[in-house]
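Spelled out, the chains give:
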Amino acid sequence: MTVGVALRLLAVMVLWASCFPLITIGLDLAPHLAFAAMRAALAGLCLVAFGAVFNRPVPRGARSWGLIALVGLGATSLGFLGMFHAAEFVSPGLATVIANAQPILAAILAHIFLRERLMALGKTGLTVGLIGIAAIAWPGLTAGDIPGYGLGIAYVVLAATGVSIGNIAIKRLTGQVDAIMAMGFQLLIGAAPLALLSILTEDVSSLTWSADFALVLVVLAVFGSSFAFWLWFAALEQVDLNRANSFTFLVPIFGLAIGAALFEERLAWIQVAGVLLVLAGIILVQRDAPERTRR
């Protein structure tokens, strides 16, 4: 992996980690699905408009559009649906553990559909990383029961599954379509089911428009979605999905750093140990020698 790719992946993880406090603020001001749909739609419009201004090619062919739709329905529709609703029922710690099992699920799918194979070292790295995530989230896991616990778990699993499927489709698209246009259209496609579900199940009139909400929405859409998806696609053009996905273990670490910097949160010793395990897991995956992807 080159330094440039590693920096892109680190940037994506920082952007994703920065989303969590912003989402928490926004959920108090808007219905969950309406908020998610607006974030996806605005992000998609930004990328498509940017691509149009710079004459980026529009994807062609049924195969490309089918994969773009799969990314939209998986990573955006199911991913946003699961994570935005899960916030109602489960602690952030538990959600973090389950959501970060995504690289393991994606590794299984990558083995089947992309012929990416992790050797023993890579499998060990994923396991060590997951243990590290559990250690980081342990204080949240022991914080007490929350009503709707089972439903919350189901939402997080739904999100992790959707993101895993979306990542497989993104990897299939690399080298075939323009990254900006493909990610822009998948966000627009993914926003449609979220908007429909919001209209059918939520009181959209309860949305509180304010300068704070507008700022949160724009930052989430432009940086947490548009820019992050663009960088993620660009990274996957140059590295196997399993290697890139191991970096997602860094998201809770960056989240802890943001919490410490902005909210004066302090780490417990078990969380420090978890950070070290996560870093060790990523190193093990990077040192693995998977077979190159064959499309």
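Residues numbered from 1 in each chain as written. Predicted model: local features only at pLDDT ≥ 70, side-chain atom pairs only at ≥ 80, totals over all residues. Heavy atoms only, no water.

**Let's talk about the overall build of the protein chain**
When its secondary structure is counted, the protein chain shows 12 helices and zero strands. Each helix (α) and strand (β) of the protein chain, taken in turn from the N terminus, gives the series α-α-α-α-α-α-α-α-α-α-α-α. Across the protein chain, every contact between residues at least 6 apart in sequence was considered, and the portion connecting residues at least 24 apart equals 93%. Total accessible area on the protein chain stands at roughly 13100 Å², and carbon and sulfur atoms take up 70% of it. (Helix = DSSP H or I, 4+ residues; strand = E, 2+ residues; numbered from the N terminus. Contact = heavy atoms within 4.5 Å. Areas by Shrake-Rupley, 256 points an atom, 1.4 Å probe, with all protein chains shown as cover.)

**Examining the packing of helix α1 (residues 3-27) against helix α2 (residues 32-53)**
Close contact between α1 and α2 brings their axes to 10 Å; oriented N to C, the two are set at 130°. When the axis of α1 is compared with that of α2, the two are oblique. Crossing hand, α1 versus α2: right-handed. Here Cys19, Leu22, Ile23, Gly26 and Leu27 of α1 come into contact with α2, specifically with His32, Phe35 and Arg39. (Axes fitted to C-alpha atoms, helices over the stretch in contact; angles between N-to-C directions. Parallel < 35°, antiparallel > 145°, perpendicular 65-115°, else oblique. Left-handed = near helix turned anticlockwise from the far one by under 90°.)

**So, a nonpolar patch on the surface**
On the surface, Val3, Leu7 and Leu10 cluster together to form a nonpolar patch covering roughly 270 Å² of accessible area. Structurally, valine 3 can be placed in helix α1. (Patch = residues over 30% accessible without salt bridge, like charges linked within 9 Å, V, L, I, M, F, W, Y side chains within 5 Å. Salt bridge = Lys/Arg side-chain N within 4 Å of Asp/Glu carboxyl O.)

**With respect to the confidence of the model for the protein chain**
For the protein chain, the mean per-residue pLDDT works out to 85, and 87% of the residues sit at or above 70. Here residues 291-295 scores under 50 on pLDDT; set against residues more than four positions off or in separate chains, the count is 18 contacts. (pLDDT = per-residue confidence, 0-100.)

**Considerations on the packing of aromatic side chains**
The full count for this structure, using the stated rule, is seven aromatic pairs. Ring centres 5.5 Å apart and planes at 55° place the aromatic pair tryptophan 16 and tryptophan 232 in the tilted group. Here the residue tryptophan 16 occupies a position in helix α1, and tryptophan 232 occupies one in helix α9 (residues 211-236), the gap between them amounting to 216 residues. With a relative accessible area of 23%, tryptophan 16 lands in the partly exposed category. Between phenylalanine 50 and tryptophan 230 the ring centres are 5.7 Å apart and the planes differ by 50°, which places this aromatic pair in the tilted class. In this pair, phenylalanine 50 sits in helix α2 while tryptophan 230 sits in helix α9, placing the two residues 180 residues apart along the sequence. (Phe/Tyr/Trp six-rings, centres within 6.5 Å; stacked < 30°, edge-to-face > 60°. Buried < 20%, exposed > 50% of the residue type's maximum accessible area, 1.4 Å probe, protein only.)

**Some words on unusual backbone geometry**
You will see that asparagine 55, though not glycine, has its phi angle at about 55°, which is positive. Within the element layout of this structure, asparagine 55 appears in the loop between α2 and α3 (62-86). For asparagine 55, a relative accessible area of 69% corresponds to the exposed category. For arginine 115, which is not a glycine, the phi torsion comes out positive at approximately 60°. With relative accessibility at 44%, the residue arginine 115 sits in the partly exposed group.

**Considering the environment of alanine 107**
Its location among the elements puts alanine 107 in helix α5 (residues 102-113). Residue class for alanine 107 comes out buried when judged on its relative accessible area of 13%. Sequence separation of alanine 107 and asparagine 242 is 135 residues, and the distance between their C-alpha atoms is 5.8 Å.

**Notes on the environment of tryptophan 209**
Mapped onto the fold, tryptophan 209 is located in the loop between α8 (179-201) and α9. Sequence separation between tryptophan 209 and leucine 29 is 180 residues; the distance between their C-alpha atoms is 7.6 Å. In contact with tryptophan 209, not counting residues within four places along its chain, are Met38 and Leu217.

**Let's talk about α9**
With 26 residues, α9 should cover 38 Å at 1.5 Å per step; its first-to-last C-alpha distance of 36 Å lies within 8% of that length. At alanine 228, α9 is bent by approximately 30°, the largest bend along its length. (Expected span 1.5 Å × (residues − 1). Bend = angle between axes of the 7 residues up to and from the residue.)

**What to know about the side chain of glutamine 186**
Structurally, the position occupied by glutamine 186 is in helix α8. Every residue in contact with glutamine 186, bar those within four places of it in the chain, is listed here: Ile68, Val71, Gly72, Thr76 and Phe229.

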